[in-house]
Amino acid sequence: MVTVVSQERFDAVTGYQAVDAVSGEPFTTYWHFLSAVAKVPAFCNGVVGGMYSRFKAEAMCAREVAGLAALIITQTNGWDEELVDEDSNPVELWQQGLKVLEDADCDASDELLGDYCLYFDDPDARDPFFDDKDLDPLGVGLVPRGAGYIYGADMYYWFSQVVYGDDSLTQDPTLVATDPLTWWMSGLMRWMIPMMGKPAPHNIMLGQWAATADESDVGLTDGFGAVAALFYGADQCGMAQHPVANLRSDVYK
Amino acid sequence: MTYLCWEGRALSCLDDVGDGSGTYLNATSDGLLCIEAGDPKKNPDGWALADNVIAEEQESFKQKYPHCLPSTSLNYNDASTEEQAMIDALQFYELSDTPLVWQFGYYDDIADDWLYWGEAYGEELPLFIDRYGNVCTNMDTKVDQSMGRVMLAFNDGLFDMAQLDIDDTTSPDDYPMNV
């Protein structure tokens, strides 16, 4: 993967990332990213589905990295079109990745809070599986929850159990926004694991999954377009000149 | 009666008397006399050849179902008591080729719990459990395309938190394959 994502490339898209409130240092580094990827053996090394079997492994890795980068850079973007660098040159949006570390929709000040972040406080709405679990409903990590999905505390629960094999993240959910490695792992879990009855982006990008007729009807076809539809659905797909969709496509290309 | 295969013939173990009235176990009761004394050539009194039966070598579980998830194993002697009990119980399922059955369930408000229809109403899957609790199948011959996708998603969704962190002092030669 390092042949696809060099440190120079990584730094180019994260140069204006969030900084640690205490130290003033950038939140994460290229080495955190490599350390996280090392813990996900099938990322950039998955079993390629039939439709892409003619491609070389390096090309499939590049395809997967491009898809993940496009999601990360748009999902965590600063969206400051007036930002300039030290020489007063404009900073492009694709250079403003990793500026926002948490899902703003679950921020306590957000008006959407009641839509789904309080879902886990409602015993009539949530899955009874979570009844006896004291979970804190916050947005998770760097990859979005997916269009129309209700999530929050359940993501922490599965992230903690699937990746760490314990309840460390349900005990301290803030780690996904304060510990760089945990932050990367939370996003990689969402990228790798099928959830909520839908394929994982990894499965789509590697051609391990093909759409059913119903899924094709709602725009889940194949390739990166299907990943975008998976996460953003009608919010962004099919809308000409949508700024987020445009940036995502540009980064992917 | 359990038959073993030896040079194309089916044979069964004899006890130390030879008529079924004695013991089949060795002196420490942790092995079979017939096996410890050698094959029928070395130990003709320990074995009975079955008449008119030609043995056919069977594939082992690993040969039949080579693709397992998560593909872990345990050393029986080093395993905990609980793990040993699991291995003891599951090896019967392994040897009997029992497929997994997906049971249909629903959440029952009155019982305040998940309830499931019986196995007879379930869906039999081409998945088999080995003695270590791995879910195994043969991706080439047993699973259809949709099941194959589920298995691949499972396989690719495994995490390995034991991998060491990488920093600027780590040699690229020590990077895992995917990095």
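Our subject is the structure that appears above.
This structure is a prediction, so every number in the text was calculated from the model and none was measured.

(A) Just the interface of chain B and chain A, in detail. Facing the 22 residues of chain B at the interface are 28 residues of chain A. The leading source of residues in the side of chain B that touches chain A is helix H4 (residues 145–156) of chain B, at 5 residues. Considering only residue class, the side of chain B that touches chain A consists of 12 nonpolar, 4 polar and 6 charged.

(B) View of the packing of helix H2 (residues 30–38) of chain A against helix H8 (residues 180–192) of chain A. Residue and element names in this part refer to chain A. Where H2 meets H8, the axes come as close as 9 Å, and the angle between the chain directions of the two elements is 50°. Relative to H8, the element H2 is oriented oblique. For the pair H2 and H8, the crossing hand works out as right-handed. Facing H2, whose interface residues are His32, Phe33, Ser35 and Ala36, H8 presents Pro180, Leu181, Trp184, Met185 and Leu188.

(C) Representation of the sheet that holds strand S8 (residues 123–129) of chain B. Residue and element names in this part refer to chain B. Taken together, the 4 strands give an open sheet; going across it, the order is S4-S9-S8-S5, and neighbouring strands pair in antiparallel fashion. At either end of the open sheet lies a strand with only one pairing partner, and these are strand S4 (67–69) and strand S5 (99–102). Averaged over all pairs of adjacent strands, the angle between strand axes in this sheet comes to 45°, irrespective of strand direction. Direction of pairing for S5 relative to S8: antiparallel, over a ladder of 3 bridges. Looking at S8, one finds that Pro99 is bridged to Phe128.

(D) Structural detail: helix H3 (residues 81–95) of chain B. Relative to the 21 Å expected for 15 residues at 1.5 Å per residue, H3(B) spans 22 Å between its end C-alpha atoms, a close match to the ideal helical length. With its phi angle positive at about 55°, Asp97(B) sits one or two positions after the end of H3(B).

About the cut-offs
- Residues numbered from 1 in each chain as written.
- Chains lettered and ligands numbered in written order.
- Predicted model: local features only at pLDDT ≥ 70, side-chain atom pairs only at ≥ 80, totals over all residues.
- Contact = placed C-beta atoms within 7 Å.
- Helix = DSSP H or I, 4+ residues; strand = E, 2+ residues; numbered from the N terminus.
- Nonpolar A, V, L, I, M, F, W, Y, C, P; charged D, E, K, R; others polar.
- Axes fitted to C-alpha atoms, helices over the stretch in contact; angles between N-to-C directions.
- Parallel < 35°, antiparallel > 145°, perpendicular 65-115°, else oblique.
- Left-handed = near helix turned anticlockwise from the far one by under 90°.
- Pairing = 2+ DSSP bridges.
- Expected span 1.5 Å × (residues − 1).

Honestly, it's all geometry; don't read function into it.
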